[in-house]
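# An overview of the molecular structure
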Amino acid sequence: MSAPGPASRLLITGGAGFIGSCYVRDVLARRDGTRITVLDKLTYAGNRANLAPVEADSEQAARFSFVRGDIADPEVVGPLVAEADAVVNFAAESHVDRSILDPTAFLRTGVDGVHVLLEAVRRETERAPAGGRRAEPRFLQVSTDEVYGSVAAGFSREGDPLAPRSPYAAAKAAGELLARSYHVTYGLDVVITRGANTYGPYHHPEKLIPLFVTNALDDRALPLYGDGMQVRDWLYVADHAGAIDHVLRRGNAGEVYNVPGAAELPNRDVVAQLLARLGKPWSLVRFVEDRPGHDRRYAMDGAKLASLGWTNQVAFADGLAATIDWFRANEAWWRAARSGEWDAYYDRQYAGRLASADAVAEVSPGAQAAAGAEAVPADVAPGGQPAETEA
Ligand code: NAD
Ligand code: TYD
């Protein structure tokens, strides 16, 4: 095993995205000599501004470099992996709804891209015993709880069968299975993390929490899918990044580690809490046509990661407050993220849903009173229809 210590050289792929950029900011801010190269394609979800705090700090900037490129391009990947003590792969297309609209890019990055990275790591692993480099590189594949599929009851453990149900989750499962196969077949030093639904600053506004926060700040409708009773286990981004680093340094080769969140909540409760914090009314919510194949619940057992010595630090109420404060203070960031192809995507995903929802899902005045409360309004029945018809 060759887990990287302080002052190591890390290649962070997808490091301009939401979780990857948090990882880069947090690791460089420790000032322990670690050097980081980010390789990122800068898709619609990648943003160099997410790394601005690093580039504005001369000590951190001296230990940081950025390469724009594709993990599926062996010409770019080969020389970067040759320089690295470890590779942490955050790069992916990450939004389930977009994977339903068109899975192509999900497979290219999630399967072909992971394959290209693994081939480069394999070459470097083979060079190490001959003295071609100081140690074999470690490869950490960032995966997701969505590979388990929908979990009706109980908590997924690392040995459970994988049953992905969206093209996004299937591509993530394929990527991590390929990584594991390179450990078994070629002896690569591979570790895998499966993280829960993550939220926090710099989160792209296509996802539930930042979409609803930014829409609510503009007093726009909040499109809640189906009955809004789907359950997610929410993980603050700094906790997710910290857990990944913990596994990188201490995880055992060939092992998978669940990274659960700190709060198992139905979407309705998440929305009620964020509206309360924003001081906005529940009447902004529209119950819209559900996502096809929508997973009802994700929930993971975190005992294996805990036994490695990791615990989350941030409670959901604190993380949500910090996230909302960040979005309030960084309007230019999220308005830029909601530009370019955003309107075309938003129309495709929501225009039809919102048009048909408006006719049926007016929320009663009683529900609006819930804006100041934590609870979901009781007078909105499952399915989104008001329990009583308003005159
Ligand atoms: P994100 O969409 O914010 O960031 C993805 C980054 O990868 C972007 O910077 C993008 O430009 C880059 N990228 C995409 N394709 C690339 C390619 N071919 N080559 C190089 N770079 C490429 O995603 P995120 O939310 O930060 O997620 C990061 C990782 O964590 C993903 O692998 C995701 O599957 C996983 N994950 C996310 C969550 C979550 O709730 N967000 C939960 C568990 C696991
Ligand atoms: P999302 O943030 O897309 O994460 P994931 O699909 O990976 O869990 O969605 C979180 C939950 O919120 C999920 O149950 C789908 C739901 N959701 C909505 O109800 N409306 C929306 O507009 C979005 C984006 C998500």
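Residues numbered from 1 in each chain as written. Chains lettered and ligands numbered in written order. Predicted model: local features only at pLDDT ≥ 70, side-chain atom pairs only at ≥ 80, totals over all residues. Heavy atoms only, no water.

Moving on to the site of ligand 1. Near ligand 1 there are 29 residues, and of these Ile19, Asp40, Ser94, Tyr168 and Lys172 occur at the shortest range. For ligand 1, an oxygen atom lies 3.0 Å from a polar atom in the backbone of Gly17. Taking Asp40, its side chain carries an N or O atom lying 2.6 Å from an oxygen atom of ligand 1. For the shell around ligand 1, the secondary-structure elements that each account for two or more residues are helix H1 (18-29), strand E5 (138-144) and helix H7 (167-186). Looking at the shell around ligand 1 residue by residue, the class counts come to twelve nonpolar, 13 polar and four charged. (Near = heavy atom within 4 Å. Polar contact = N/O pair within 3.5 Å; in protein donor to acceptor, adjacent residues only side chain to side chain. Helix = DSSP H or I, 4+ residues; strand = E, 2+ residues; numbered from the N terminus. Nonpolar A, V, L, I, M, F, W, Y, C, P; charged D, E, K, R; others polar.)

This part covers the environment of Val38. The topology assignment puts Val38 in strand E2 (residues 35-40). Judged by its relative accessible area of 0%, Val38 is buried. Remark: the alpha-carbon pair of Val38 and Leu10, spanning 28 residues in sequence, is separated by 8.4 Å. Setting aside anything within four residues of it in sequence, one finds Val38 in contact with Ile12, Gly15, Ala16, Val24, Leu51, Phe64, Ser65, Phe66 and Val67. (Buried < 20%, exposed > 50% of the residue type's maximum accessible area, 1.4 Å probe, protein only. Contact = heavy atoms within 4.5 Å.)

Side chains of strand E8 (residues 222-225) alternate between two faces, with Leu222 and Leu224 and Pro223 and Tyr225 buried alike. Here E8 runs beside strand E12 (residues 285-288); their pairing, made up of four bridges, is parallel. The partner of Pro223 across the bridge, within E12, is Arg286. (Pairing = 2+ DSSP bridges.)

In this section: the sheet that holds E5. Pairing in this open sheet of seven strands is parallel, and the strands run E3-E2-E1-E4-E5-E6-E10 from one edge to the other. A strand with exactly one partner marks an edge of an open sheet, and here the two such strands are strand E3 (64-68) and strand E10 (256-259). Direction aside, the axes of adjacent strands within the sheet are offset by 20° on average. In the packing of helix H6 (residues 104-127) onto the sheet, the strands contacted are strand E1 (9-13), strand E4 (86-89) and E5, and the crossing angle to E5 comes to about 160°. Each of E5 and strand E6 (189-195) is contacted by H7, which is oriented at about 155° to E5, the strand it contacts most. (Axes fitted to C-alpha atoms, helices over the stretch in contact; angles between N-to-C directions.)

In this section: the confidence of the model for the protein chain. Low pLDDT means the predicted coordinates in that region are not meant to be read closely. Per-residue confidence for the protein chain averages 92 on the pLDDT scale, and 91% of its residues sit at or above 70. A low-confidence stretch, residues 359-391 (pLDDT under 50), is modelled with 53 contacts involving residues beyond four sequence positions or located in other chains. (pLDDT = per-residue confidence, 0-100.)

The subject of this paragraph is the sheet that holds strand E11 (residues 263-266). Across the sheet, three strands lie side by side as E7-E9-E11; this open sheet has mixed pairing. The outermost strands of the open sheet, each flanked by one partner alone, are strand E7 (198-199) and E11. Pairing analysis gives two bridges linking E7 to strand E9 (residues 231-236), with the strands arranged parallel. Its bridge partner lying in E9, Thr198 is registered against Leu235. Running at roughly 75° to E9, helix H9 (residues 237-250) makes contact with E7 and E9 of the sheet.

Residue position: Arg297 is located in the loop between E12 and helix H11 (303-307). The class of Arg297 is buried, set by a relative accessible area of 12%. In terms of polar contacts, Arg297 uses its side chain to reach the side chain of Glu264, at 2.8 Å. Ignoring sequence-local partners within four residues, the contact set of Arg297 consists of Gly149, Ser150, Val151, Ala152, Ala153, Gly154, Phe155, Val231, Arg232 and Glu264.

Another point: the packing of helix H8 (residues 208-217) against helix H12 (residues 316-329). When two helices pack together, you describe them by how their axes are tilted relative to each other and by the distance separating the axes. Following both chains from N to C, one finds H8 and H12 inclined at 50°, their axes separated by 11 Å at the closest point. Relative to H12, the element H8 is oriented oblique. The way H8 lies across H12 gives a crossing that is right-handed. Residues Ile209, Pro210, Val213, Thr214 and Leu217 of H8 form the contact with H12, whose participating residues are Phe316, Leu320, Thr323, Ile324, Phe327 and Arg328. Split into classes, the residues belonging to the contact of H8 with H12 amount to eight nonpolar, two polar and one charged. (Parallel < 35°, antiparallel > 145°, perpendicular 65-115°, else oblique. Left-handed = near helix turned anticlockwise from the far one by under 90°.)

A few words on the site of ligand 2. Close to ligand 2 lie 20 residues, the nearest being Glu146, Arg232, Arg291, His294 and Tyr350. Contact distances for ligand 2 include 2.9 Å between an oxygen atom and a backbone N or O atom of Leu208. The separation between an oxygen atom of ligand 2 and a polar side-chain atom of Asn267 is 2.9 Å. Alone, ligand 2 offers 510 Å² of accessible surface; in the complex the protein occludes 97% of this. Going through the elements one at a time, helix H5 (96-101), H8 and E8 are the ones with two or more residues in the shell around ligand 2. Partitioned by chemical class, the residues of the shell around ligand 2 number nine nonpolar, five polar and six charged. (Areas by Shrake-Rupley, 256 points an atom, 1.4 Å probe, with all protein chains shown as cover.)

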